[in-house]
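Chain residues, written in single-letter form:
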Amino acid sequence: MAVHKLEEKKIEGANFTCFHAGKFADLFQYEFKHPKVEKAAPGKLLVKDQLGLTGMQVSLNRFPAGRSMPFLHSHKQNEELYIFVGGEGQMLIDGEIIDVTEGTCVRVNTKGARAWRNNSKEDLYFICIQAKENSLSQDTLDDGVPAGTPHWVQQ
Ligand code: ZN
């Protein structure tokens, strides 16, 4: 049985992939360049390719204090779930403003025209998960099946 320490940044098993992205406070080491947007977004890491995700895209985000998204966007097929994990800010969806902070979860369906801003003095942290709208046809309680007893080796 292998024991993987944190120093191993990426671990691939037969049935899993693990990627240590680093601390959320260090997310500025990453930036995301959307092909249709002129400037790269600092502090945004998409993990689909890192992890080989097949049913969702997930981004880890550190959004700088005082910054606003300069455009609204909607989606063709994917709903989005924004999970705020630190800081304070606001989302703007179809003209409605929602205050957000750690623990706020916001689902936006495909048609929602959305943007967000950080109108605070601290950076805003969130995770965004997108998946195909109405694709969750299986009941998740039925989907889990027992797979034995965990055996932890002593370290
Ligand atoms: Zn989006």
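To be clear, the structure that these remarks concern was listed above.
Residues numbered from 1 in each chain as written. Predicted model: local features only at pLDDT ≥ 70, side-chain atom pairs only at ≥ 80, totals over all residues. Heavy atoms only, no water.

## So, the side chain of Gln90
Let me state the cut-off plainly: Only DSSP runs of H or I with at least four residues qualify as helices, and only runs of E with at least two residues qualify as strands; both kinds are numbered from the N terminus onward. Polar contacts, as counted here, are pairs of nitrogen or oxygen atoms within 3.5 Å of one another; within protein the pair requires one atom able to donate a hydrogen and one able to accept it, and residues that are adjacent in sequence qualify only if both atoms are side-chain atoms.
Inspection of the secondary structure puts Gln90 in strand β8 (residues 88-93). Separated by 3.3 Å, the side chains of Gln90 and Asn119 make a polar contact.

## Some words on unusual backbone geometry
Phi is positive for Asp94, close to 50°, though the residue is something other than glycine. Structurally, Asp94 can be placed in the loop between β8 and β9 (96-101). One non-glycine residue, Asn134, lies in the positive phi region at around 65°. Mapped onto the elements, Asn134 comes out in the loop between β12 (124-132) and α2 (140-143).

## Quick notes on the coordination of the zinc ion
Short version of the rule: Sites may look incomplete because water is not among the atoms; the donors themselves are N, O and S atoms within 2.8 Å of the metal, or within 3.2 Å for Na, K and Ca. Think of it this way: with four donors and all angles in the 85 to 135 degree range, the site is tetrahedral; with four or six donors, opposite ones beyond 155 degrees and the rest between 65 and 115, it is square planar or octahedral; otherwise it is irregular.
Distances from the zinc ion to its protein donors, His73 (NE2), His75 (NE2), Glu80 (OE) and Glu80 (OE), fall at 2.0 to 2.8 Å. Every donor counted, the four donor atoms about the zinc ion form angles of 50 to 144° at the centre, which fits irregular coordination. Here the donor residues of the zinc ion are spaced in sequence according to H-x1-H-x4-E.

## A look at the sheet that holds β12
Inclusion rule: When DSSP finds two or more bridges between two strands, those strands count as paired. Helix axes are fitted only over the stretch in contact, all axes being lines through C-alpha atoms; the angle between N-to-C directions runs from 0 to 180 degrees.
Across the sheet, which stays open at both edges, the five strands sit in the order β5-β6-β12-β7-β10 with antiparallel pairing between neighbours. At either end of the open sheet lies a strand with only one pairing partner, and these are β5 (44-46) and β10 (105-108). When strand polarity is set aside, the average angle formed by the axes of neighbouring strands in this sheet is 15°. Relative to β12, strand β6 (residues 57-63) runs antiparallel, the two sharing seven bridges. Note that in β12 the partner of Phe63 across the bridge is Leu124.

## Digging into the pairing of β9
In this structure, β8 lies alongside β9, joined through six bridges in antiparallel fashion. Bridge pairing links Glu88 to Thr101 in β9. Joining the antiparallel neighbours β8 and β9 is a turn of two residues, in which Asp94 adopts a positive phi near 50°.

In short, shape yes, function no, at least from these values alone.
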